[in-house]
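Breakdown of the fold
Letter by letter, the chains look like this.
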Amino acid sequence: MDLTNGQSSTIYFTATASERSSSSESLSEKASNDPKKSFDAVVFDVLKVTPEEFASQITLMDAPVFKAIQPEELSSCGWNKKEKHSSSPNVVAFTRRFNHVSFWVVREILTAQTLKIRAEVLSHYVKTAKKLYELNNLHALMAVVSGLQSAPIFRLTKTWALLNRKDKTTFEKLEYLVSKEDNYKRLRDYVTSLKMTPCIPYLGKD
C-alpha cells in the first residue's frame, strides 16, 4: 500500500476550547473569547488541507503505532485488563489514536462558525473517510465514521441536509461497511477479501 507520494511532515492537531452547539446549531460563544484556549502547535483551517493529505498523514501516524504491537499483547487480551498499560501498551496506544482522531472530527465540525462552513467541514471528513478506506486504514476509517455518527454530530440535521447526494451516498456505503451488525461481519469479510494487501485493521477503542 502506497501511504504517501513523498516525504511529508507530521501535522499536529491542537486542542481547542470546548464548544457547545444548541439545537438551532449555533455556537454559544466563540473560542477566541475563551481565556483557557491555548495552542501547542500550528493553527490551521481544516478546509485548506485536502482529504488525501489528511488520510495520508493520519495513516503515517497510525502505521508505526500498529507495527509496534506485539503478538502476545493480542493473544493475552491484556488491553481488557486493569494492568493494560503494562501488559498491552502498544494496543492501548493504538486505541488512543482512534479516540484522538474521532474527537478531532467532532471538535472541528462543532467549532465551525457558520452552518455553511460546518456543512463544508462535514463533507471534508466524509471525503477523508473515503480516502482512508482507499488506503486500507480501517482503524482510522472507523474513527472518522464514529465521530460522524456521534450524538453531537448526528443531531445536526440542518448541517446534514446541506450535504450533497454524492457525499451522502459515500457516507452511507462506509457506514454499511463498518456496521456493528453481526460483530462487524462486513468489515471482517472485507479484511479477509484483501488477502495479502497491506492494511491497518480496526482493533477497537477505549
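Preceding block: the structure.
If you're wondering where the values come from, they're calculated on a predicted model, not measured in any experiment. (Residues numbered from 1 in each chain as written. Predicted model: local features only at pLDDT ≥ 70, side-chain atom pairs only at ≥ 80, totals over all residues. Heavy atoms only, no water.)

1. Quick notes on helix α5 (residues 115-134)
The first and last C-alpha atoms of α5 sit 29 Å apart over 20 residues, in line with the 28 Å expected at 1.5 Å per residue. For α5, the complete set of buried residues consists of R118, A119, V121, L122, S123, H124, Y125, V126, T128, A129 and L132. Of the surrounding elements, those touching the buried residues of α5 are α1 (51-67), α4 (89-110), α6 (138-149), α7 (151-154), α8 (157-161) and α9 (165-177). Directly after α5, the chain includes N136, whose backbone phi takes a positive value near 60 degrees. (Helix = DSSP H or I, 4+ residues; strand = E, 2+ residues; numbered from the N terminus. Expected span 1.5 Å × (residues − 1). Buried < 20%, exposed > 50% of the residue type's maximum accessible area, 1.4 Å probe, protein only. Contact = heavy atoms within 4.5 Å.)

2. Thoughts on the environment of Y202
With respect to the secondary-structure elements, Y202 resides in the segment after α10 (181-194). Taking the C-alpha atoms as reference points, Y202 and A140, separated by 62 residues in sequence, lie 7.7 Å from one another. Excluding residues that lie within four positions of it along the chain, Y202 makes contacts with F98, L138, H139, M142, Y184 and L187.

3. Overview of the pattern of salt bridges
All told, the structure shown has 8 salt bridges when counted by the stated rule. Of the charged contacts in the structure, one is a salt bridge between R97 and D62, with a shortest N-O distance of 2.7 Å. A residue pair is termed long-range when its members are at least 10 positions apart, and R97 in helix α4 and D62 in helix α1 qualify at 35 residues. Here R97 and D62 have matching classes, each one buried. A salt bridge links R186 to E181; the nearest nitrogen and oxygen atoms lie 3.0 Å apart. By relative accessible area, which is 23% here, R186 ends up partly exposed. The network of salt bridges with common partners includes E52, K131 and E134. (Salt bridge = Lys/Arg side-chain N within 4 Å of Asp/Glu carboxyl O.)

4. What to know about the nonpolar core
Among the nonpolar cores identified, the biggest contains 40 residues, and I109, Y125, L141, L148 and I153 are the most heavily contacted of them. Going through the elements one at a time, α1, α4, α5, α6, α9 and α10 are the ones with two or more residues in this core. Counting residues per element, this core draws most heavily on α6, at 8 residues. When sequence neighbours within four positions are dropped, the list of residues in contact with L141 reads A129, L132, Y133, L174, L177 and V178. If you look at the next biggest cluster of nonpolar residues, it comprises 5 residues, including A63, I69, V91 and F94. (Core = buried A, V, L, I, M, F, W, Y, C linked by side-chain atoms within 4.5 Å.)

5. Here's the deal with the side chain of S123
Secondary-structure assignment places S123 in helix α5. In this structure the side chain of S123 is engaged in a polar contact, spanning 2.5 Å, whose partner is the side chain of D167. Ignoring anything within four residues of it in the chain, the contact list for S123 reads L163 and D167. (Polar contact = N/O pair within 3.5 Å; in protein donor to acceptor, adjacent residues only side chain to side chain.)

6. Looking at unusual backbone geometry
Backbone geometry places Y184, a non-glycine residue, at a positive phi of 60 degrees. Here Y184 is to be found in helix α10. Classification of Y184 by relative accessible area gives buried; the value is 19%. Unlike most non-glycine residues, K195 shows phi in positive territory, near 55 degrees. Within the secondary structure, K195 is located in the segment after α10. Judged by relative accessible area, which is 73%, K195 ranks as exposed.

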